[in-house]
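Read off the chains here:
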Amino acid sequence: MAIDDDGGRCVSAEIAAGVSPAAALFHSLADETRLRIVQRLTRGEARVVDLTAELGLAQSTVSKHLACLRDCDLVTYRAEGRQSFYSLTRPELMDLLASAQHLLAATGHMVTLCPVLDDKAAGLVAGGEPVS
């Protein structure tokens, strides 16, 4: 889910209407920055300042991705004074990430070598047509 310019939402309502819930979930986790944030939050809650320091990202980048994850209801926060502490909303997400790690270990580098992914990364499908 790409972050749009309207408040950091993951997708517009028009796009979301055509996306299955499972595809939306995996798409929200497909962004490396959001995945890194989620993986960090599996170890416990964190403030934006903690995430920027630990992940080496700009505050604005972390904030936009947290807004996306909040829109997807994967992350929540609690206010304590002037600080916000972010955490995962669903412990099942940690199980999903653990399962993904086991699957990646079992498949080795086959996922990264997948020709379909390589073609999409290059902007082409097998027939040389642009990917939409």
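This is a predicted model, so every value here is computed, not measured.

Undergrad: Describe unusual backbone geometry, listing the residues and the values that go with them.
TA: Note: most peptide bonds trans; most residues except glycine with negative phi. With a phi angle near 60°, Asp 73 is a residue other than glycine that sits in the positive phi range. Along the polypeptide, Asp 73 turns up in the loop between α5 (59-71) and β1 (75-80).

Undergrad: Lay out the environment of Thr 42 in plain terms, naming residues and giving numbers.
TA: Examined against the element boundaries, Thr 42 turns out to sit in the loop between α3 (32-41) and α4 (48-55). Through-space distance from the C-alpha of Thr 42 to that of Asp 95 is 9.9 Å; in sequence the pair is 53 residues apart. With residues near it in sequence (within four places) discarded, Thr 42 still touches Leu 88, Met 94 and Leu 97. Looking at Thr 42, its side chain comes within polar contact range of the main-chain oxygen of Gln 39, at 2.5 Å.

Undergrad: Break down the packing of aromatic side chains for me, with residues and values.
TA: Applying the stated criterion to the full structure yields one aromatic pair. Ring geometry for Tyr 77 and Tyr 86: centres 5.6 Å apart, planes at 40°, overall tilted. Using a relative accessible area of 9% as the deciding quantity, one classes Tyr 86 as buried.

Undergrad: Go over the nonpolar core, please, and point to the residues and values.
TA: Counting 17 residues, the largest nonpolar core has Ile 37, Val 38, Leu 41, Leu 51, Leu 66 and Val 75 as the members making the most contacts within it. At the level of secondary structure, the elements contributing two or more residues to this core comprise α3, α4, α5, β2 (83-88) and α6 (92-107).

Undergrad: Which residues make up the packing of α4 against α5, and what are the values?
TA: Any two packed helices are characterised by the angle at which their axes cross and by the distance between the axes. Close contact between α4 and α5 brings their axes to 9 Å; oriented N to C, the two are set at 115°. Handedness of the α4/α5 crossing: right-handed. Within the contact between the two elements, α4 uses Val 48, Leu 51 and Thr 52 and α5 uses Gln 59, Val 62, Ser 63 and Leu 66. Classifying every residue of the contact of α4 with α5 gives four nonpolar, three polar and no charged.

Parameters at a glance
Residues numbered from 1 in each chain as written. Predicted model: local features only at pLDDT ≥ 70, side-chain atom pairs only at ≥ 80, totals over all residues. Heavy atoms only, no water. Helix = DSSP H or I, 4+ residues; strand = E, 2+ residues; numbered from the N terminus. Contact = heavy atoms within 4.5 Å. Polar contact = N/O pair within 3.5 Å; in protein donor to acceptor, adjacent residues only side chain to side chain. Phe/Tyr/Trp six-rings, centres within 6.5 Å; stacked < 30°, edge-to-face > 60°. Buried < 20%, exposed > 50% of the residue type's maximum accessible area, 1.4 Å probe, protein only. Core = buried A, V, L, I, M, F, W, Y, C linked by side-chain atoms within 4.5 Å. Axes fitted to C-alpha atoms, helices over the stretch in contact; angles between N-to-C directions. Left-handed = near helix turned anticlockwise from the far one by under 90°. Nonpolar A, V, L, I, M, F, W, Y, C, P; charged D, E, K, R; others polar.

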